Amino acid sequence: MCFRVTSATWGFSTNVTESNRRRMLEEQALSWKFGRVSWRKATSLSWARISDPAARRQLQILAQEGRNALADDRFAELMQLIADMKDVYARARVCPTTGVPGAATCDWRLEPELSRVLARSRDPTELLRAWTAWHDAVGPQLRAKYVRYVQLANEAARLNGFRDAGEHMRAPYDDPELESEVTQLWAQVSPLYRQLHAYVRRQLHRHYGDLVREDGPLPAHLLGNMWAQSWKNIADLVVPFPDKQGADVTPEMLRQGYTPVRMFQTAEEFFTSLGLKPMSMEFWRHSMLERPVDREAVCRASAWDFCNRKDYRIKQCTEVTMDDLLTIHHEMAHIQYYLHYAEQPYIFRRGANPAFHEAIGDAIGLSVSTPRHLQRIGLLNNITDDYETNINYLLTVALDKVVYLPFAYVVDQWRWRVFSEGVENMNGRWWELRMRHQGVLPPAPRSERDFDPGAKYHVPADTPYLRYFVSLVLQFQIHEALCRAAGHPGPLHTCDIYRSREAGRLLAEVLSLGASRPWRDVIRVATQGATDRLDARPLLDYFQPLALWLRVQNRERGVVGWTTTSQETALFARWARPLTAAAPGCAVAPPHHLLVI
Ligand SMILES: CC(=O)N[C@@H](CC(=O)O)C(=O)NC[C@H](CC1(C(=O)N[C@@H](Cc2ccc(O)cc2)C(=O)O)CCCC1)C(=O)O
Ligand SMILES: [Zn+2]
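Residues numbered from 1 in each chain as written. Chains lettered and ligands numbered in written order. Predicted model: local features only at pLDDT ≥ 70, side-chain atom pairs only at ≥ 80, totals over all residues. Heavy atoms only, no water.

Q: What is the right way to read the overall build of the chain from this model?
A: Secondary structure assignment for the chain yields 23 helices and four strands. Its C-alpha atoms give the chain a radius of gyration of 24 Å, within 12% of the compact-globule value 25 Å for 597 residues. Each principal axis of the C-alpha distribution contributes one length, and for the chain these read about 70 × 65 × 50 Å. A total of 597 residues make up the chain; the buried ones form 57% of that total. Long-range contacts, defined here as pairs at least 24 residues apart, represent 74% of the contacts in the chain between residues at least 6 apart. With the model as given, the accessible surface of the chain reaches about 25,400 Å², and the carbon-plus-sulfur share is 53%. Between the centroid of the 73 positive side chains of the chain and the centroid of its 68 negative side chains there is a distance of 3 Å. (Helix = DSSP H or I, 4+ residues; strand = E, 2+ residues; numbered from the N terminus. Rg over C-alpha atoms; globule rule 2.2 N^0.38 Å. Buried < 20%, exposed > 50% of the residue type's maximum accessible area, 1.4 Å probe, protein only. Contact = heavy atoms within 4.5 Å. Areas by Shrake-Rupley, 256 points an atom, 1.4 Å probe, with all protein chains shown as cover. Lys, Arg positive; Asp, Glu negative; His and termini not counted. Charge placed at Lys NZ, Arg CZ, Asp CG, Glu CD.)

This is the structure we're talking about:
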């Protein structure tokens, strides 16, 4: 079953046609029917008679996942809703935002056109147009569908024995304390984020003037990314020692004539240098490494397991950039996981928890992006290892990793609350959370006619997002453990495990376990007995030199954290409630959260 539905989904994603869409939906319906039969069997068994712990684990995983408890018609409606929402997101097109009046046909996509404007433009008007065009093209079309999706996802969760769909999404972590642990991890790291936020704000104020208030939140369109989830694209505006050498080797890759295939071979060689497995012959024959010229494809990067222990693929519209080289390592780490747990029983062929699948690739990325590694593979020469170069490097990594934490935290905090508290003021609550934790504001007034969370793929696509938050903490724990196994002597941020067989052996051991053991046992294996908990200390140790530098910078120059004025909170006001008659004697002006539309 899995092979057929995966092949049909692959067929559509790499060649978007109506007939391929139909074939994919038919195969999905078939596989869901098959899944519901095996689910009913699994949930009908009297578990008491099953003594083998591995069998019980498999049944538990099978019984709690999926929405098989829904009645056929509701199930079909929910699947259709998710497919429609993904379709709205994939088909969204906007008019060019370069401000050329009466410009050509309105065929700009998120990737590459709009993302490129957000990454490269330094013109606030153009950035505002691109940000607003995308959010207005997608959100309003999704809101009503999302409301119905929330109802059905909650119904499915309750039929499965969960309080709501949020609890259902958290089930793979099998940890009743998960929410408080995640909040505690964020509390541990948020002081570092606020220091970074204050420093970047000062640099942006220098560049954009009063568009950026010196003690306020940052306007979301100036940060180099459609969701402000990574600020690496504005590194040139904020890096403290611009005359020092940077570690972006994109120009060198172009100079050396790198092609997408060569980038994949470079990534493969990283893994084989650790003693891990090479990509299979099927991988090289069937993967889609570049945007096809003769047909339309879904261009989001992804890794695919065809469930037959030999066919594994990556689909990526690769461009020759350092960013894409890191993404290739991220996707190929998913393939390494598939390859290493292939011998496990089917149900255990998955990450120890969803965050493990994400953390491996990014942990590898922490080695690959070091100047030392780039020198070892010939993309950087005469590197200098002085203080300023290290601060520059740590800042560019922080613009990706530290910045990402509050965003990743907010996505599922918002979603879990919608599942548990309802669908009123979804947009206002989205921006309240983003303002409170990320210190970011919408660049234009937003109301409940908008649905800005829908502008982020994983929300309409029903893809849980907590995995990426937990992965950020976990990847530094894994990186630290691999560096210790590799015998790395210096500070964590200079470690490159390339060619270390000891690190490779430890990694292979972790990957081979799949989901056969509770994930805390797998953390204990990965850290060679150091801990069985999620722990932000390795992350904080990694950025320690930068944290010190930021504190000195900020102590002398200004406020850390942000305040908001009433007109700023009015930017994302709730849909104006009818004004109650003012009680005698109280001020006539409406409370600040009511937006006069
Ligand atoms: C069949 C299937 O779906 N397979 C799964 C893998 C599996 O589960 O087996 C898969 O391929 N998922 C795709 C997804 C793609 C990306 C993504 O969505 N990234 C997040 C978060 C993020 C951001 C920065 C970062 O450094 C790392 C992650 C975002 O862009 O917001 C896009 C670019 C990178 C990762 C992925 O690889 O995780
Ligand atoms: Zn991933």
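Next, the rest of the story.
Q: Where do I start with the site of ligand 1 in this structure?
A: Within the structure, ligand 1 sits among 17 residues, and Ala 303, Glu 331, Tyr 338, Lys 456 and Tyr 465 are positioned closest to it. Within the contact set of ligand 1, an oxygen atom lies 3.3 Å away from a side-chain nitrogen or oxygen of His 330. Within the side chain of Tyr 465, one N or O atom sits 2.6 Å away from an oxygen atom of ligand 1. Coverage of ligand 1 by the protein amounts to 72% of the 740 Å² it exposes when considered alone. (Near = heavy atom within 4 Å. Polar contact = N/O pair within 3.5 Å; in protein donor to acceptor, adjacent residues only side chain to side chain.)

Q: Please clarify how helix 11 (residues 260-273) should be interpreted in this entry.
A: For the α-helix, the turn length of 3.6 residues means that residues three or four positions removed from each other point alike. When the terminal C-alpha atoms of helix 11 are compared, their 20 Å separation across 14 residues agrees well with the 20 Å that a helix rising 1.5 Å per residue should span. When helix 11 is considered as a whole, its buried residues turn out to be Pro 260, Met 263, Phe 264, Thr 266, Ala 267, Glu 268, Phe 270, Phe 271 and Ser 273. Taken from the residues just after helix 11, Gly 275 is the one with a positive phi, measuring 90°. (Expected span 1.5 Å × (residues − 1).)

Q: Is there a simple way to explain the state of the cysteines in this structure?
A: Here, disulfide denotes a covalent bond that connects the sulfur atoms of two cysteines. Applying the stated criterion to the full structure yields four disulfides. The disulfide that involves Cys 95 links it to Cys 106, with 2.0 Å between the sulfurs. Looking along the S-S bond of the Cys 95-Cys 106 disulfide, the torsion reads about 90°, which is the right-handed sense. A residue pair is termed long-range when its members are at least 10 positions apart, and Cys 95 in the loop between helix 4 (72-91) and helix 5 (110-120) and Cys 106 in the loop between helix 4 and helix 5 qualify at 11 residues. On the accessibility criterion, Cys 106 (39% relative accessible area) is partly exposed. For Cys 299, the disulfide goes to Cys 317, at an S-S distance of 1.8 Å. Residues Cys 299 and Cys 317 are joined through a disulfide that is left-handed, its torsion about the S-S bond being -80°. With Cys 299 in the loop between helix 12 (281-286) and strand 2 (302-305) and Cys 317 in the loop between strand 3 (312-315) and helix 13 (322-340), this pair connects stretches of sequence that are 18 residues apart. Sequence-ordered numbering of the bonded cysteines in the chain gives a disulfide pattern of 1-5, 2-3, 4-6, 7-8. (Disulfide = S-S within 2.5 Å.)

Q: In this structure, what is going on with empty space enclosed by the protein? I would like to understand it.
A: Rolled over the atoms, a probe sized like a water molecule indicates the empty space that remains. Taken as a whole, this structure holds one cavity of 30 Å³ or more when the rule is applied. The volume enclosed by the largest cavity comes to roughly 40 Å³. Along the walls of the largest cavity sit Ile 478, Ala 481, Leu 482, Leu 506, Leu 507, Val 510 and Ala 526, which together make up its complete lining. Elements with a contribution of two residues or more to the lining of the largest cavity: helix 18 (466-485) and helix 19 (501-513). Taken together, the residues of the lining of the largest cavity sort by class into seven nonpolar, no polar and no charged. (1 Å grid on protein atoms, 1.4 Å probe; cavity = no way out; pocket = protein on both sides within 12 Å on 5 of 7 lines; lining within 4 Å. Points joined across faces, edges and corners; volume = space filled by probe spheres on them. Nonpolar A, V, L, I, M, F, W, Y, C, P; charged D, E, K, R; others polar.)

Q: How should I be thinking about unusual backbone geometry in this particular structure?
A: One can expect most non-glycine residues to show negative phi and most peptide bonds to be in trans. Residues Glu 111 and Pro 112 are joined by a peptide bond in cis, for which omega reads 0°. With respect to the helices, strands and loops of the structure, Pro 112 is situated in helix 5. With phi around 50°, Asn 425 is a residue other than glycine that occupies positive phi space. Secondary-structure assignment places Asn 425 in the loop between helix 16 (387-421) and helix 17 (426-438). On the accessibility criterion, Asn 425 (22% relative accessible area) is partly exposed. Even without being a glycine, Gln 528 presents a positive backbone phi close to 50°. Mapped onto the secondary structure, Gln 528 falls in the loop between helix 20 (519-526) and helix 21 (537-542).

Q: Please explain the nonpolar core as it appears in this structure.
A: A general tendency of soluble globular proteins is for nonpolar side chains to be buried together. With 175 residues, the main nonpolar core has Tyr 149, Trp 231, Phe 356, Phe 469 and Phe 543 as its most contacted residues. Ranked by residues supplied to this core, first place goes to helix 16 with 20 residues. Residues contacting Tyr 149, with those up to four places away along its chain left out, are Arg 67, Leu 78, Leu 81, Ile 82, Met 85, Met 169, Phe 419 and Asp 462. Core analysis: the second largest hydrophobic core is formed by seven residues, Trp 10, Met 288, Trp 304 and Cys 317 among them. (Core = buried A, V, L, I, M, F, W, Y, C linked by side-chain atoms within 4.5 Å.)

Q: How should the layout of surface pockets be read in this particular structure?
A: If you add up the space inside the second largest pocket, you get close to 300 Å³. Forming the boundary of the second largest pocket are 21 residues, of which Thr 370, Arg 372, His 488, Thr 494 and Cys 495 lie nearest the centre. Among the secondary structure elements, those contributing two or more residues to the lining of the second largest pocket are helix 15 (371-376) and helix 16. Split into classes, the residues belonging to the lining of the second largest pocket amount to eight nonpolar, nine polar and four charged.

Q: Can you help me understand the packing of helix 11 against helix 13 in this one?
A: When two helices pack together, their arrangement is given by the angle between the helix axes and the distance between those axes. Running from N to C, helix 11 and helix 13 point in directions that differ by 50°, and their axes come no closer than 9 Å. It follows that helix 11 is oblique to helix 13 by the angle criterion. The handedness of the crossing between helix 11 and helix 13 is right-handed. Contact residues: Met 263, Phe 264, Ala 267, Glu 268, Phe 270 and Phe 271 in helix 11; Asp 324, Leu 325, Ile 328, His 329, Met 332, Ala 333 and Gln 336 in helix 13. (Axes fitted to C-alpha atoms, helices over the stretch in contact; angles between N-to-C directions. Parallel < 35°, antiparallel > 145°, perpendicular 65-115°, else oblique. Left-handed = near helix turned anticlockwise from the far one by under 90°.)

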